[in-house]
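# Structure at a glance
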Amino acid sequence: MVDYHAANNQSAGGAQTYMEQENDWDRDLLLDPAWEKQQRKTFTAWCNSHLRKAGTQIENIEEDFRDGLKLMLLLEVISGERLPKPERGKMRVHKINNVNKALDFIASKGVKLVSIGAEEIVDGNAKMTLGMIWTIILRFAIQDISVEETSAKEGLLLWCQRKTAPYKNVNVQNFHISWKDGLAFNALIHRHRPDLIDYDSLRKDDPVTNLNNAFEVAEKHLDIPKMLDAEDIVNTARPDEKAIMTYVSSFYHAFSGAQKAETAANRICKVLAVNQENEQMMEDYEKLASDLLEWIRRTIPWLENRTQEKTVKDLQAKQEDFRDYRTVHKPPKVQEKCQLEISFNTLQTKLRLSNRPAFMPSEGRMVSDINTAWHTLEGAEKGYEEWILSEIRRLERLEHLAEKFHQKAAIHESWTDGKEAMLTQKDYETSTLSEVKALLRKHEAFESDLAAHQDRVEQIAAIAQELNELDYYDAASVNTRCQKICEQWDILGSLTHRRKESLERTEKQLESIDELYLEYAKRAAPFNNWMEGAMEDLQDMFIVHNIEEIQGLISAHEQFKSTLPEANKEREAIQAIQAEVQRIAQSNGIKLSSANPYTTITPQSIDSKWEKAMAMVPQRDNALQHELNKQNSNDSLRATFAAQANSVGAYIQAKMEEIGRISIEMNGTLEDQLTNLKEYQKTILSYMPEINKLEAHHQHIQEALIFDNQYTSYTMEHLRVGWEQLLTTIARTINEVENQILTRDAKGISQEQLYEYRASFNHFDKDHSGGLKAEEFKACLISLGYDVENDKQGDGEFNRIMGIVDPNSTGVVTFQAFIDFMSRETTDTDTADQVIASFKILAGDKNFITADELRRELPPDQAEYCIARMAPYAGPDGVPGALDYMSFSTALYGESDL
């Protein structure tokens, strides 16, 4: 006996596998002789399936291979190679030499033959002959099977498991028991040729029928000879593993073409899945952008509406609506805008990673268009807020002026009541000389009084004019009343002039007059007018906006009070004149009339008005003190708001600077940076209560109608914008790191490469702006070894690269674009040619493909996706319904239009 040990070209693992299989074979025959019967049938049928190609076959496996002739012929058929010329002699030595030539050929294929010698084969040793055939089957039928990095027996088992996984009652775990009920054989055939098997009609409890059905269909339609009898498998507790493996390997080779089609279909499915996901993201972006732009379009007209209200209360209702817009309606839209930018950046990154053309939103829906619309919205928002505040001031001024107008008009109308009748009477015609003189003096006093009231009339007219200029809603009634007062004033002036002329004509006839009455009248009239003016001032409404203004009013009031002692002396002097008149009349027995002929002002009316004026002084003190307290409270509100605003402003500024620093530093892995940024984002979001606290202070400021604040340079609008920018910046920075991780994982870029890219980028980013200008980028490329020097060829190469990293010609290269370019330069991606080659496999090497072929090879949703988008094939070799898969594949990568 001779041992044949050929050079083992396989791996150590492969050699060990063969040895284990050989040892298994030895033990199997010793344990169960029934397996030898199954092996004889299976191995004989397997050999005949190949020998019939050479026009021969065997009947008895241990007898027909004894002379070595058919053994050498079998090896030539299954290997496709020529063996040495056999010896045709009939002697034993000739037979041994022929068998040795066959064994040498097997050993030359890397098979280690142990304990199998030519003498045993020539002597018809069944055990050694079956072992030799099993070794041949392993080498030429099973060894080359490979499924997902597994080979031989493991690869064949994995292939069976994958193919039979969808079928009920089939669970392939081995090559013996799992095949005993025949369902696994039928499942393999049905998976590849569903037209040959009615799988649903098979029953697990009828294994003989199942096995015979599979064996007959395979022999008739798949050119797989029947290698086993159903009864041998069913009646054996554990069918022979090698016989089953040999049989199953015939199915594998019969369907190997379908395996290639499946691989091609998987590639197409992968490409189509990426395309469908990208299209969904594009649709989501378009919808979100349209909704946000529509909201902005509806909101701007509302913010630009300048319809004036009649009262402060009505305008404050508008202010409350605006506050709801700021705190309720706008914040979600800020989040939507931020999410829109993130989605757009993520989509562009995915398109670049999948070698797809960049996404161009429909007209008017670019991120820049949304930013422009948002800027317009914020401008309208700022203008609307300023308009509301100015309108509140205007209406407050109008209400104050209107009240002042009606107060002065009422006083004036009360004074003029009856004056026309007095000026038109002709009592002087029947009066005595003294009475006429009295009438004349009385008229002079009236003229003095009339002149004193001239200022009030002018004030009334001036207030009416200001109300008209400020567009007071009830200006018509004000104008009517003012016109009536002015016309009446002109009439009074004219009547006064005519009456004076009449009195002067009779003055020569009047000589007697009481100087005391005259002096009383002359002094009482201005004093009375002063008291009326003082009471008017004490009742005058006031509106102030700060402590300085109220302190000015208090100072003026104190100055007024300092004049009261002198005024009281004047009042006592006037009363003394009247007392002197009474004393003289009593001493001379003169009968006085019931009233002073020169004036209607009585001592009682002077005292009464004086008492009223003195009662108004403390009331004025209280009103001014109340306003002072209010202004002190407002000043406290200013200081509280300013303290919080200064704190928030400093916080926002510090965080913005920190984010800018973080974005250009390289601390830890990208995942560490992402985790730190998200924790940093949580820290920023935890500051939101401070923003809300500031909003509460600002609301108190607005409710108190405070329009200025000398304690801080920050406004609520400025801080709101800063806070929104801070949230948007941290979200955008996180998105950039996520896109870098996505790029790294998709392109297989190592962490060290990313650090190298970031270091190079930061080195040439001198101003730390996060982007490289064209010259900076060129210097960076030169440092990385690119030939972009300042010559014709270098300029052309640089312009090509700039077209890739800066397609919109902004003049600035971002870090993300830089990473995309470097990853594209160092990694490989799917191409249109690869997809075309995959479709060609599915189409059976045709230049077109049919809908039925797509539905058979691809999942239903992706098959329909292709059918809906593929153009009809226009080539001369086309058939009805032929589809052009080439133009479809190039369109996926932006090389043509769908």
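Residues numbered from 1 in each chain as written. Predicted model: local features only at pLDDT ≥ 70, side-chain atom pairs only at ≥ 80, totals over all residues. Heavy atoms only, no water.

## Observations regarding the overall build of the chain
Selection rule: Here a strand is any run of E in DSSP of at least two residues, a helix any run of H or I of at least four, and the numbering for each starts at the N terminus. Throughout this description, buried means an accessible area under 20% of the type-specific maximum (1.4 Å probe, protein chains only), exposed means over 50%, and partly exposed covers the range between. By definition in these notes, contact holds between two residues if any of their heavy atoms fall within 4.5 Å. For the area figures, the Shrake-Rupley method with a 1.4 Å probe applies, and any residue is considered shielded solely by the protein chains shown.
Along the chain, the regular secondary structure elements total 33 helices and eight strands. A total of 898 residues make up the chain; the buried ones form 45% of that total. Across the chain, every contact between residues at least 6 apart in sequence was considered, and the portion connecting residues at least 24 apart equals 74%. Taken as a whole, the chain presents about 44800 Å² of accessible surface, with 50% of it coming from carbon and sulfur.

## Brief notes about the packing of helix 9 (residues 183-192) against helix 10 (residues 207-221)
Here is the rule: As a rule, the C-alpha atoms of each element are fitted with a line to give its axis, helices using only the stretch in contact, and angles between N-to-C directions run from 0 to 180 degrees. Whether a crossing is left-handed or right-handed is set by the direction in which the near helix is turned from the far one by less than a right angle, anticlockwise for left-handed and clockwise for right-handed. As a working rule, the residues Ala, Val, Leu, Ile, Met, Phe, Trp, Tyr, Cys and Pro are called nonpolar, Asp, Glu, Lys and Arg charged, and the rest polar, with Gly in that last group.
Here helix 9 crosses helix 10 at 35 degrees, and the two axes come no closer than 8 Å. As for how helix 9 packs across helix 10, the hand of that crossing is left-handed. Note on element contacts: helix 10 touches helix 9 through Asn 210, Leu 211, Asn 213, Ala 214, Phe 215, Val 217 and Ala 218, opposite Leu 183, Phe 185, Asn 186 and Ile 189. Of the residues in the contact of helix 9 with helix 10, the class split is eight nonpolar, three polar and no charged.

## What about the pattern of salt bridges?
Stated precisely, the cut-off is as follows: Between Lys or Arg on one side and Asp or Glu on the other, a salt bridge is scored when a side-chain nitrogen of the former is within 4 Å of a carboxyl oxygen of the latter.
Per the counting criterion, the structure on display carries 52 salt bridges. As a salt-bridge pair, Glu 717 and Arg 720 come within 3.9 Å of each other at their nearest N and O atoms. With Glu 717 and Arg 720 both in helix 25 (residues 716-747) and three residues apart, the pair spans about one turn of that helix. Notably, a salt bridge pairs Arg 855 with Glu 864, separated by 2.8 Å at the nearest N-O pair. Several salt bridges converge on common partners, so that one network encompasses Arg 326, Lys 330, Glu 381, Glu 385, Glu 695, Glu 717, Arg 720 and Glu 724.

## Considering the environment of Ile 388
Counting through the fold element by element, Ile 388 comes out in helix 15 (residues 367-416). Spatially, the C-alpha atom of Ile 388 lies 6.8 Å from that of Gln 319, the residues being 69 residues apart in sequence. If we ignore the near neighbours within four places in the chain, the residues touching Ile 388 are Leu 315, Lys 318, Gln 319 and Phe 322.

## A look at unusual backbone geometry
For Asp 223, which is not glycine, the phi dihedral falls at a positive 60 degrees. Residue placement: Asp 223 occurs in the loop between helix 10 and helix 11 (230-234). Although it is not a glycine, Asp 845 adopts a positive phi angle of roughly 70 degrees. Among the structural elements, Asp 845 can be located in the loop between helix 30 (832-842) and helix 31 (851-857). Among the residues examined, Asp 845 registers a relative accessible area of 60% and is labelled exposed.

## Regarding the state of the cysteines
Here, disulfide denotes a covalent bond that connects the sulfur atoms of two cysteines. Our working rule: Here, two cysteine sulfur atoms that lie within 2.5 Å of each other are counted as a disulfide.
Under the counting rule described, the total for this entry stands at zero disulfides. Sulfur of Cys 482: no disulfide; nearest cysteine sulfur belongs to Cys 486 and is 4.1 Å away. Looking at the unpaired Cys 866, the closest cysteine sulfur is the one in Cys 269, lying at 8.1 Å. A relative accessible area of 0% means that Cys 866 is categorised as buried.

## Notes on the nonpolar core
Condition: Buried Ala, Val, Leu, Ile, Met, Phe, Trp, Tyr and Cys residues form a nonpolar core when they are joined through side-chain atoms within 4.5 Å.
Ranked by size, the top nonpolar core spans 77 residues in total, and within it Ile 136, Trp 179 and Phe 185 carry the most contacts. The element best represented in this core is helix 7 (residues 126-142), accounting for 11 residues. Contacts of Phe 185, omitting those with residues within four sequence positions, involve Trp 179, Leu 211, Ala 214, Phe 215, Ile 244, Tyr 247, Val 248 and Phe 251. In terms of nonpolar packing, the next biggest core, distinct from the first, is built from 47 residues, Leu 670, Tyr 680, Ile 706 and Phe 798 among them.

## Remarks on helix 28 (residues 792-805)
Three or four residues apart is the spacing at which side chains of an α-helix point the same way, because the helix has 3.6 residues per turn. The condition that has to hold: The span you would expect from a helix comes to 1.5 Å times its residue count less one. Taking the helix axis as origin, the arc is that swept by the directions to the C-beta atoms.
Compared with the 20 Å implied by 1.5 Å per residue over 14 residues, the 20 Å span of helix 28 between its first and last C-alpha is a close match. Here helix 28 has its buried residues at Gly 794, Phe 798, Ile 801, Met 802 and Val 805. Projected down its long axis, helix 28 carries its buried residues within an arc of 105 degrees, all on one side. Turned more than 90 degrees off the buried face of helix 28, the exposed positions are Lys 792, Gln 793 and Asn 799.

## Here's the deal with the confidence of the model for the chain
Note the following rule: Per-residue confidence from the predictor is given as pLDDT, running between 0 and 100.
Summing up the model confidence of the chain, the mean pLDDT is 81 and the portion of residues at 70 or higher is 90%. Overall, residues 1-31 carries pLDDT values under 50, and its contacts beyond four positions in sequence, including any with other chains, amount to 55 contacts. In the predicted structure, residues 509-513 sits below a pLDDT of 50 and forms 15 contacts with residues beyond four places in sequence or in another chain.

## Brief notes about the side chain of His 443
To keep things clear, this is the line we draw: We call two N or O atoms a polar contact when they sit within 3.5 Å, provided that within protein one can donate a hydrogen and the other can accept it, with sequence-adjacent residues counted only if both atoms are side-chain atoms.
Structurally, the position occupied by His 443 is in helix 17 (residues 433-469). For His 443, a relative accessible area of 3% puts it in the buried group. Within the structure, the side chain of His 443 is placed 2.9 Å from the backbone oxygen of Thr 496, a separation counted as a polar contact. Not counting residues up to four positions away in its chain, the partners in contact with His 443 are Leu 423, Thr 496, Arg 499, Lys 500 and Leu 503.

## Things to note about the environment of Met 360
Positionally, Met 360 belongs in the loop between helix 14 (312-353) and helix 15. Spatially, the C-alpha atoms of Met 360 and Met 282 are 9.1 Å apart, while their sequence positions differ by 78 residues.

## Some thoughts on the packing of helix 4 (residues 69-79) against helix 5 (residues 92-108)
To keep it simple, the criterion reads: Here the word oblique covers every angle except those under 35 degrees (roughly parallel), over 145 (roughly antiparallel) and from 65 to 115 (roughly perpendicular).
Remark: helix 4 packs on helix 5, axes separated minimally by 8 Å, with the N-to-C direction vectors making an angle of 25 degrees. In terms of their interaxial angle, helix 4 and helix 5 are classed as roughly parallel. Crossing geometry of helix 4 relative to helix 5 is assigned as left-handed. Contact residues: helix 4 offers Leu 69, Leu 71, Met 72, Leu 75 and Ser 79, while helix 5 offers Asn 98, Val 99, Lys 101, Ala 102, Phe 105 and Ile 106. In the contact of helix 4 with helix 5, the residues fall into eight nonpolar, two polar and one charged.

## As for the packing of aromatic side chains
What counts here: Two aromatic rings, drawn from Phe, Tyr or Trp (for Trp, its six-membered ring), form a pair once their centres lie within 6.5 Å of each other, and the interplanar angle then sorts them: stacked below 30 degrees, edge-to-face above 60, tilted otherwise. In this analysis the charged atom, NZ for Lys or CZ for Arg, is taken to sit over a ring once it is within 6 Å of the ring centre and within 35 degrees of the ring normal.
According to the stated counting rule, one finds 28 aromatic pairs in the structure shown. Between Tyr 285 and Phe 344 the ring centres are 5.4 Å apart and the planes differ by 45 degrees, which places this aromatic pair in the tilted class. Of the two residues, Tyr 285 is situated in helix 13 (residues 256-304) and Phe 344 in helix 14; the sequence distance between them amounts to 59 residues. According to the relative accessible area criterion, Phe 344 is buried, its value standing at 13%. Between Phe 839 and Phe 888, the aromatic rings sit 6.1 Å apart at their centres with planes inclined by 80 degrees, giving edge-to-face as the arrangement. Of this pair, Phe 839 sits in helix 30 while Phe 888 sits in helix 33 (residues 885-892), placing them 49 residues apart in sequence. With respect to burial, Phe 839 and Phe 888 carry one shared label: buried. Each member of the aromatic cluster is reached from another via a ring pair, and the members are Phe 175, Trp 179, Phe 185, Phe 215, Tyr 247 and Phe 251. The ring of Phe 798 has Lys 778 sitting right over it, with the charged end atom 4.9 Å from the ring centre.

## As for the side chain of Asn 210
Note that Asn 210 resides in helix 10. Excluding its chain neighbours within four sequence positions, the residues that come into contact with Asn 210 are Asp 181, Gly 182, Leu 183, Asn 186, Leu 202, Arg 203 and Lys 204.

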